[in-house]
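# Structural overview for review
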Amino acid sequence: MTSLPATVTAGPSDLPPNTCALPRTGQLAGLLTAIRDKQTARGDFIFYSDRIIRLLVEEGASEALSARPQTRRRTLAGGDLVADQSSPSLQTGLNHLPVVEKTVTTPTGLDYNGVSFEGRICGVSIMRAGEAMEAGLRECCRAVRIGKILIQRDEETAQAKLFYAKLPDDIQSRYCLLLDPMLATGGSAIKAVEVLIDHGVPQERIIFLNLVSCPEGLRAMYSAYPQVKVVTAWVDDGLDAHKYIVPGLGDFGDRYFTSN
Ligand code: URA
């Protein structure tokens, strides 16, 4: 068996403390290799992207749920949760969905002292590429409410500008999984966070999920909104002169949504 090359295992150091990168396993590296390959046809690009999205959502949803104030919650593994309630953070390492105790009666007539998931979350996709992540969220969280935000670059000011937002009415009482596959300069994502905050969502209840990020975008998000958690599948080297992530995978939205 060949061990993973250093290009795979050695991620960038000194990332902002609000960043949570998925473990660099062989599986994840293989999935990313498939979508980075410019020869990969659209059907395979969608298939492998969807698998990464699923991994990200499960990590992000667990962060959302594990960050809430704790009542009588236990981990699925049965151990008591021991997070510091005053400062919920990614560093608590709680990788199990928190649950509340629940007793049900089984068809045999006996009671089963089990657990039930709790939590109010919603997804918000940054159009169009973020919409690719909606199905993965729905697969993990049944009937989850999903909002949409359209942000584009204003040609006159070169600033990210909000064009459209449709968000759940009660968004201020939910944890918000913000969806956009690529975190490049951070301009759109930072604008999207501003929109969520304007709608009453505290920044510590926002978890931004992306497949590929770079240090520039991560640092920009941290300096604008240090309480926003960023869950990323992979941190790449940086940006090129056209603000594409390198080595990257090209334009995610084009590759996911446009037939070749
Ligand atoms: N958006 C993309 O789709 N790709 C990049 O590399 C940067 C932003």
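Description of the structure in this document. Quick caveat, the model's predicted, so the values are computed rather than measured. Positions within a chain are numbered from 1, following the residues in the order the chain's sequence is written. Since the coordinates come from a predicted model, pLDDT governs what is reported: local features require at least 70, and pairs of side-chain atoms require 80 or more to be given and counted, while whole-chain, interface and lining totals use all residues. The side-chain values count all of the structure's non-hydrogen atoms but skip hydrogen atoms and water molecules.

## Describing the overall build of the protein
This is how it is decided: Helix and strand assignments come from DSSP, with helices taken as H or I runs of at least 4 residues and strands as E runs of at least 2, each series counted from the N terminus. For every residue, the accessible area (1.4 Å probe, protein chains only) is compared with the maximum for its type, and the residue is labelled buried under 20%, exposed over 50%, or partly exposed between those bounds. Two residues qualify as a contact provided that any one of their heavy atoms is within 4.5 Å of a heavy atom in the partner residue.
When its secondary structure is counted, the protein shows seven helices and 13 strands. Within the protein, buried positions represent 43% of all 260 residues. Across the protein, contacts joining residues at least 24 apart in sequence account for 63% of those joining residues at least 6 apart.

## A look at the packing of aromatic side chains
The condition that has to hold: Here a Phe, Tyr or Trp ring, Trp counted by its six-membered ring, pairs with any other such ring whose centre lies within 6.5 Å, and the pair is stacked when the planes are under 30 degrees apart, edge-to-face when over 60, and tilted otherwise. By definition here, charges over rings are those cases where NZ of Lys or CZ of Arg is within 6 Å of the ring centre and within 35 degrees of the ring normal.
Overall, the coordinates contain four aromatic pairs when judged by the stated rule. Ring centres 5.1 Å apart and planes at 65° place the aromatic pair Tyr256 and Phe257 in the edge-to-face group. Given the relative accessible area of 10%, Tyr256 is considered buried. Taking NZ or CZ as reference, Lys161 lies 5.5 Å from the ring centre of Phe163, over its face. Directly above the aromatic system of Tyr175 lies the positively charged group of Arg205, at a separation of 5.5 Å from the ring centroid.

## Quick word on the pairing of strand β7 (residues 160-166)
Rules: When DSSP finds at least two bridges between two strands, those strands are taken to pair.
Relative to β7, strand β6 (residues 145-153) is paired through six bridges, and the arrangement is antiparallel. What sits directly across from Ile151, in β7, is Leu162. In this antiparallel pair of consecutive strands, β6 and β7, the connection spans six residues, and Ala158 shows a positive phi of 65°.

## A closer look at the environment of Pro247
Mapped onto the elements, Pro247 comes out in the loop between β13 (245-246) and α7 (252-257). A relative accessible area of 55% places Pro247 in the exposed class. Residues Pro247 and Ala220, 27 residues apart in the sequence, show an inter-C-alpha distance of 20 Å.

## A look at the site of the ligand
Test applied: We call a residue near a given molecule or strand whenever any one of its heavy atoms falls within 4 Å of it. Two N or O atoms count as a polar contact when they lie within 3.5 Å, although within protein this holds only if one can serve as hydrogen donor and the other as acceptor, and sequence-adjacent residues are included solely when both atoms are side-chain atoms. In short, Shrake-Rupley with a 1.4 Å probe defines the accessible areas, and a residue's cover is counted only from the protein chains shown. Each residue receives one of three labels: charged for Asp, Glu, Lys and Arg, nonpolar for Ala, Val, Leu, Ile, Met, Phe, Trp, Tyr, Cys and Pro, and polar for the others, Gly being one of them.
Near the ligand, the surroundings consist of Met182, Ala184, Lys243, Tyr244, Ile245, Gly250, Asp251 and Phe252. With respect to the ligand, the backbone of Gly250 contributes an N or O atom lying 2.8 Å from a nitrogen atom. Alone, the ligand offers 240 Å² of accessible surface; in the complex the protein occludes 82% of this. Of the residues belonging to the shell around the ligand, the class tally is five nonpolar, one polar and two charged.

## Comments concerning unusual backbone geometry
Geometrically, the link from Met127 to Arg128 is a cis peptide bond, its omega value of -5° lying close to zero. On the secondary structure map, Arg128 appears in the loop between β5 (121-127) and α4 (134-140). With an omega of 0°, the peptide bond between Val246 and Pro247 qualifies as cis. Notably, Ala143 is not glycine yet its phi reads approximately 60°, a positive angle.

## So, helix α6 (residues 215-224)
Helical geometry: 3.6 residues make up each α-helical turn, so side chains three or four residues apart lie on a common side. Stated formally: Directions from the helix axis toward the C-beta atoms define the arc.
Of the positions making up α6, those classed as buried are Pro215, Gly217, Leu218 and Met221. Buried residues along α6 cover an arc of 165° about the axis, so they all sit on one side. The elements touched by buried residues of α6 are β1 (19-21), β9 (182-183), α5 (187-198), β10 (206-213), β11 (229-235) and β12 (238-239).

## Brief notes about the packing of α5 against α6
Defined as follows: Working convention: axes come from line fits to C-alpha atoms, limited for helices to the stretch in contact. Angles between N-to-C directions cover 0 to 180 degrees. By the definition adopted for this analysis, an angle is roughly parallel if under 35 degrees, roughly antiparallel if over 145, roughly perpendicular if from 65 to 115, and oblique otherwise. Here a crossing is called left-handed whenever its near helix is offset anticlockwise from the far helix by less than a right angle, and right-handed whenever the offset is clockwise.
Look at α5 against α6: their axes get within 9 Å of each other, and the N-to-C directions meet at 25°. In terms of axis orientation, α5 runs roughly parallel to α6. Between α5 and α6 the crossing geometry is right-handed. Contacts from Ala189, Ile190 and Val193 in α5 reach Ala220, Met221 and Ala224 in α6. Taken together, the residues that form the contact of α5 with α6 break down as six nonpolar, no polar and no charged.

By themselves, these observations are geometric and do not establish any function.
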